[in-house]
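# Descriptive analysis of the structure
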Amino acid sequence: MNYLTYTYLLTPLHTGASSQAGNLMGIAREAQTELPYLPSSSMRGKIRSLLETMHPDEAGKFFGERIKDGNQPTEGEVWFGDATLLLFPVASFSHQFLWITCPLWLSRWNRWLQNEGLGLVIKEWRELLNKNTDNQGGKDAIVSVSGPQIYLQGALLNESNLAKIETESALWKALESIPDGNGVLELKEKLVILSNDDCAALVEIGLQREVRVALKTDEKTVDGGSFRSEEAIPSETVLFFPWGTKPNKQEELTQNVRDSLEYILNDRIQFGGLEGLGRGWTENKTDAV
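The structure reproduced in this document is the subject of the present report. (Residues numbered from 1 in each chain as written. Predicted model: local features only at pLDDT ≥ 70, side-chain atom pairs only at ≥ 80, totals over all residues. Heavy atoms only, no water.)

### Side note on a nonpolar patch on the surface
- Together, Phe-93, Tyr-151 and Leu-156 make up an exposed nonpolar region whose accessible area comes to about 360 Å².
- Structurally, Tyr-151 can be placed in strand β8 (residues 149–152).
- When its relative accessible area of 32% is taken as the criterion, Tyr-151 is described as partly exposed. (Patch = residues over 30% accessible without salt bridge, like charges linked within 9 Å, V, L, I, M, F, W, Y side chains within 5 Å. Areas by Shrake-Rupley, 256 points an atom, 1.4 Å probe, with all protein chains shown as cover. Salt bridge = Lys/Arg side-chain N within 4 Å of Asp/Glu carboxyl O. Helix = DSSP H or I, 4+ residues; strand = E, 2+ residues; numbered from the N terminus. Buried < 20%, exposed > 50% of the residue type's maximum accessible area, 1.4 Å probe, protein only.)

### As for the packing of aromatic side chains
- Inspection of every chain in the model, using the stated rule, returns 8 aromatic pairs.
- Aromatic pair Phe-63 and Phe-80: ring centres 6.5 Å apart, planes at 10°, arrangement stacked. Here Phe-80 lies in strand β4 (residues 78–80) and Phe-63 lies in helix α2 (residues 56–63), a separation of 17 residues in the sequence. Both residues of the pair, Phe-63 and Phe-80, count as buried.
- The ring of Phe-97 is capped by Lys-190, whose NZ or CZ atom sits 4.8 Å from the centre of that ring. (Phe/Tyr/Trp six-rings, centres within 6.5 Å; stacked < 30°, edge-to-face > 60°. Lys NZ or Arg CZ within 6 Å of the ring centre and 35° of its normal.)

### Remarks on helix α8 (residues 255–264)
- Turning to α8, its buried residues number three or more, namely Val-257, Arg-258, Ser-260, Leu-261 and Ile-264. The buried residues of α8 all sit within an arc of 165° when viewed along its axis, so they share a single face.
- Tucked into the core, α8 has its buried residues touching α1 (40–54), α2, β4, β14 (238–245) and β15 (268–270). (Arc of directions from axis to C-beta. Contact = heavy atoms within 4.5 Å.)

### Considering the environment of Leu-4
- Summarising the element assignment, Leu-4 is placed in strand β1 (residues 2–9).
- Given a relative accessible area of 0%, Leu-4 falls into the buried group.
- Put simply, Leu-4 and Ser-177 are 173 residues apart on the chain and 9.8 Å apart in space, counted from C-alpha to C-alpha.
- Beyond its immediate stretch of four places on either side in the chain, Leu-4 contacts Trp-109, Trp-112, Leu-113, Phe-240, Phe-241, Pro-242, Lys-285, Thr-286, Asp-287 and Val-289.

### Side note on the pattern of salt bridges
- The tally for this structure, following the rule as stated, stands at 9 salt bridges.
- The shortest N-O distance in the salt bridge between Glu-204 and Arg-29 comes to 3.0 Å. Residue Glu-204 is located in helix α7 (residues 196–206), and its partner Arg-29 is located in the loop between β3 (24–25) and α1; the two are separated by 175 residues in the primary sequence.
- Note on Arg-29: relative accessible area 17%, which makes it buried.
- Look at Glu-204 and you get partly exposed, because its relative accessible area is 33%.
- Where salt bridges share partners, they join Arg-29, Glu-204, Arg-209 and Glu-231 into one cluster.

### Considerations on the side chain of Thr-15
- On the secondary structure map, Thr-15 appears in the loop between β1 and β2 (20–21).
- The class of Thr-15 is buried, set by a relative accessible area of 8%.
- A distance of 3.0 Å separates the side chain of Thr-15 from the backbone nitrogen of Ala-28, its partner in a polar contact. (Polar contact = N/O pair within 3.5 Å; in protein donor to acceptor, adjacent residues only side chain to side chain.)

### Observations regarding helix α4 (residues 116–128)
- The end-to-end C-alpha distance of α4 is 19 Å, a good match for the 18 Å that 13 residues give at a rise of 1.5 Å each.
- Of all the residues in α4, the buried ones are Leu-118, Val-121, Ile-122 and Trp-125. Viewed end-on, α4 has its buried residues packed into an arc of 100°, placing them on one side of the element. Projecting away from the buried face of α4 at angles above 90 degrees are the exposed residues Glu-116 and Leu-120.
- Near the N-terminus of α4, the side chain that reaches the backbone nitrogen of Gly-117, with its oxygen 3.1 Å away, is that of Asn-115. (Expected span 1.5 Å × (residues − 1).)

### Focus: the side chain of Thr-7
- Residue position: Thr-7 is located in strand β1.
- Taking relative accessible area as the criterion, Thr-7 reaches 2% and is therefore assigned buried.
- Other than its neighbours up to four places away in sequence, Thr-7 contacts Thr-237, Val-238, Leu-239, Phe-241, Thr-282, Glu-283 and Asn-284.

### Details of unusual backbone geometry
- The phi angle at Gln-96 is positive, at roughly 65°, despite the residue not being glycine.
- Take Gln-96: it is sitting in strand β6 (residues 96–101).
- Its identity as a non-glycine residue notwithstanding, Gln-114 has a phi of 55°, on the positive side.
- Considering the arrangement of structural elements, one finds Gln-114 in the loop between α3 (103–113) and α4.
- Overall, Gln-114 belongs to the exposed group, its relative accessible area being 67%.

Spelled out as structure tokens, the structure:
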């Protein structure tokens, strides 16, 4: 059985440094796109830790036993994929903030949904956003936002270069499964679909970056060499990750941990680093696919 879990960031998420340039502590990024993501190993580790506390006798069999006392590791009954971007918030002078997405993110999502109607809409949008010499009718964005101009972080979109998302679009039905951040996620008034390149550029601008220093213990001055800058995925971002369970003839031996897994993946979980600073709190919702 396969599932999709939607992860709504209630607080910024620091996913651990995959690279460090100078004093910048980076976050995990995809090798081919440079987009931030939440590695499946981080999620699996946190979820396993929670379930080992709840069901210590079943969790090892369900996730696979580790190397212990000379015994070889065993294969588990569950798998997890990486959590990738679906909706990303960007600042807007005209609308406070908006969510952006693009055909690439939507297509990745629909690989798992396999929604034929959504697939046709994504194809249409991809062609509409491909503004080249052969596509004179191309648009800068497809939006649910009203107004003659839309100000994004570092960009200005004019109404004449925009297309509207249809009220009966297959996208809206598909988005009903996503947690709404306690009513914050107002996509029918605040969604902007951009080209893949424009979306990636705004994500890079919109990442949260904080400067941190350590102070000397005996005086309020910076300890030498302690300055660093940390990246994080901002709150109000929505990611999704696929996961699934493998068929097992003795599923009754891990039934409790299976039930608890479904419960916690429809609840709040804290992922990533800097947990003591409140980073990584998420609201989650899971659907079978």
